[in-house]
Each structure stands twice: as C-alpha cells, then as structure tokens.
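# Observations on the model geometry
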Amino acid sequence: MTLDKAKIARQFIQTIPHSSALGMQVTALGDGMAEISMPYDERFIGDPKTGVIHGGAVSALMDTCGGAAVMSHPDAPAGTATIDLRIDYMRAATPGQAITARAEVYHITRSVAFVRATAFDDDTAHPVATATGAFTVEGR
Amino acid sequence: MARKAPDPVQIVKQRRDAALNALVGGVPYISFMGIGFDRRGDELTGVLSYDDKLIGNPILPAIHGGVTAAFLEVTAVISLSWAYIWEDFESGALDVEALAAGNLPRLPKTIDFTVDYLRSGLPRDAYARATITRAGRRYASVQATAWQDNKDRPFAQATAHFLMPRPDHSSD
C-alpha cells in the first residue's frame, strides 16, 4: 500500500463516528494488517465492581480492526462489511490499561476476506481476546 | 390450607422494575450506548436508541458492526443475569433495596460470542431479545436476535456462551 493510500485509510477509519466515539487510534496499517488501540475509559466499564471494560467495546474494537485490515489489503479495492465475527474472551482486560487489537487478512478471494485478530493490554504475553471473522470484499 | 395472598400489583411491578434498573443502570457502558430494556412480566426486550455516534459507515449510512455486536451482547448478558436472579428477588431471598444500592450479584462472564450480520443496520432504533438455550450451574448458552422495522427480518443474530458466577455467600 502506498503512503498516500495508508494515510487516507487511516483518516477514514478515525472519522468513523463510532470508532472515534470509542477513542480508537490506528497505530499501524497496511497490506492486510491493522493495529488499533482503544484507551481505557470509565464510560466503557461493563462490570462496575471490578472496573473491567465491557465485552461489547472489545467487540467493536475487533470489528473495526478486522474491517481496517481488509480495506488495507492490496486486493480489496473498496469498502467491506462484516459477514460474521467470533470472539473468544481469554481473560478480563486490566482496568486502567488501553486495549490494542491487531488483525490480519490470512486469506482473500474475489468476494470474501478471512481475518484473524488478537487483542492485548499491557501484558502482551497473554491475549485478552482473539477473534476470527469473514468480511465482504466490495467494489469489483 | 390457607395460601398467602398475592402482593398488590404495584408492589410487584415496583420490585421487578427496581431489580431491572439496578441490573442495567449500574453498568456505565450500557448508558454510554443508549441501551434500555422494556419489560413484560419476565420477558425483556433490549432497545437501542439511535444516535449518530453509533454509525460505522457514514456513506450508506449504517450502524457500526461493533455496535450491533455490543447490543446483542448486552441483551444476552442482561437477560441471562435477569433470569439468574429472578427467583431470588421474587421470593424475597434477594433484597431489591440492596440491589438498588449497588450491591449487585456477580455477572456472568462471556466465554465466546459469535455474530452473524444478516443485513446492514439502518440509522434508527433497534430491538433485541435473548433466549437462554441452556442454563447450567457453570455454563450457559444464549441466543440473541436483533431487528429494526420488522421482527421477521432480523439484521443480526448471535450465539454466546457464558461462565456463570459461583454463588457467593458473603457480600464481597
């Protein structure tokens, strides 16, 4: 992916209303790979007793990151939509820490992109969640 | 044998609504998303009130896939927790006033969550209901469906597995 395309894609993702409402920042993007970070925010707490972020916010992060990876793939000319997404929750994210998701397109056809994603907090040895999804390849 | 007279209707409604409010109102993320619940007896319907911040594709426009997933997950967790505490607050074993004061029972933990996106989510309110397909002591399976204009044309469906909280005797 050219620098210009990467820059445009990055701006596009950060202007998605819901992604920006969750404070998502694209930290790496290109050639079917995306890395997006979401800061800790008390408004996203799912369990008030522990302060752990709600799984729904992690789902939104995984979905955005998967979609971004597809859009950055050289064989995906335009937009994408999620067909399905499965998320496995390994452990609770540590309160106070940002969550970073990394997604890669591991196979792409003319119409479908297959994506894997992993989310971490500061402890990069133990994933918070992993995801697999199928996304549409649009625009050809 | 004399049966205990049933509680007056307003007492029953007040108790159930207070329990539901305690369960839903205590979670910041549910308020952030603008999700509420309609109750008919023990049946719950999640209501996602439309807001511009829920958009994922501004060109179509369509609701963000993550919003749809989160809405289904919230509906599944709340419906499961609701079913889990129902007997206890109906019988009085669980004190609704303590619930309302924030002394909530532990919530089920999501093990995994799978969403099927059937149609794009339109920029308007959405509704969801969950069915508990298995309620075990340790694990539960829940299915949830979301629709907008027409209940027979759902825009997303989910299957989720949960780890149930261990019954705690102390209030930690």
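Residues numbered from 1 in each chain as written. Chains lettered and ligands numbered in written order. Predicted model: local features only at pLDDT ≥ 70, side-chain atom pairs only at ≥ 80, totals over all residues. Heavy atoms only, no water.

Chain B appears in an unreviewed UniProt entry as Thioesterase from Marivita lacus.

Per an unreviewed UniProt entry, chain A goes by Thioesterase and derives from Marivita lacus.

## Description of unusual backbone geometry
Put simply, the test is: Only DSSP runs of H or I covering at least 4 residues are called helices, and only runs of E covering at least 2 are called strands; the numbering of each starts at the N terminus.
The amide bond that connects Leu60 of chain B to the next residue, Pro61 of chain B, takes the cis arrangement and shows omega of -15 degrees. Looking at the secondary structure, you find Pro61 of chain B in the loop between β3 (55-57) and β4 (62-63). Positive phi, close to 50 degrees, is recorded for Asp31 of chain A, a residue that is not glycine.

## Section: the pattern of salt bridges
Residue and element names in this part refer to chain B. In plain terms, the rule: We define a salt bridge as a contact between a side-chain nitrogen of Lys or Arg and a carboxyl oxygen of Asp or Glu at a distance within 4 Å. Per-residue accessibility, obtained with a 1.4 Å probe over protein chains only, is compared with the maximum for each type, and a residue is labelled buried under 20%, exposed over 50%, and partly exposed between these values.
Using the criterion set out here, one finds 12 salt bridges over all chains in the structure. A salt bridge links Asp7 to Arg15; the nearest nitrogen and oxygen atoms lie 3.0 Å apart. On the basis of relative accessibility, which here comes to 33%, the residue Asp7 falls in the partly exposed class. When its relative accessible area of 18% is taken as the criterion, Arg15 is described as buried.

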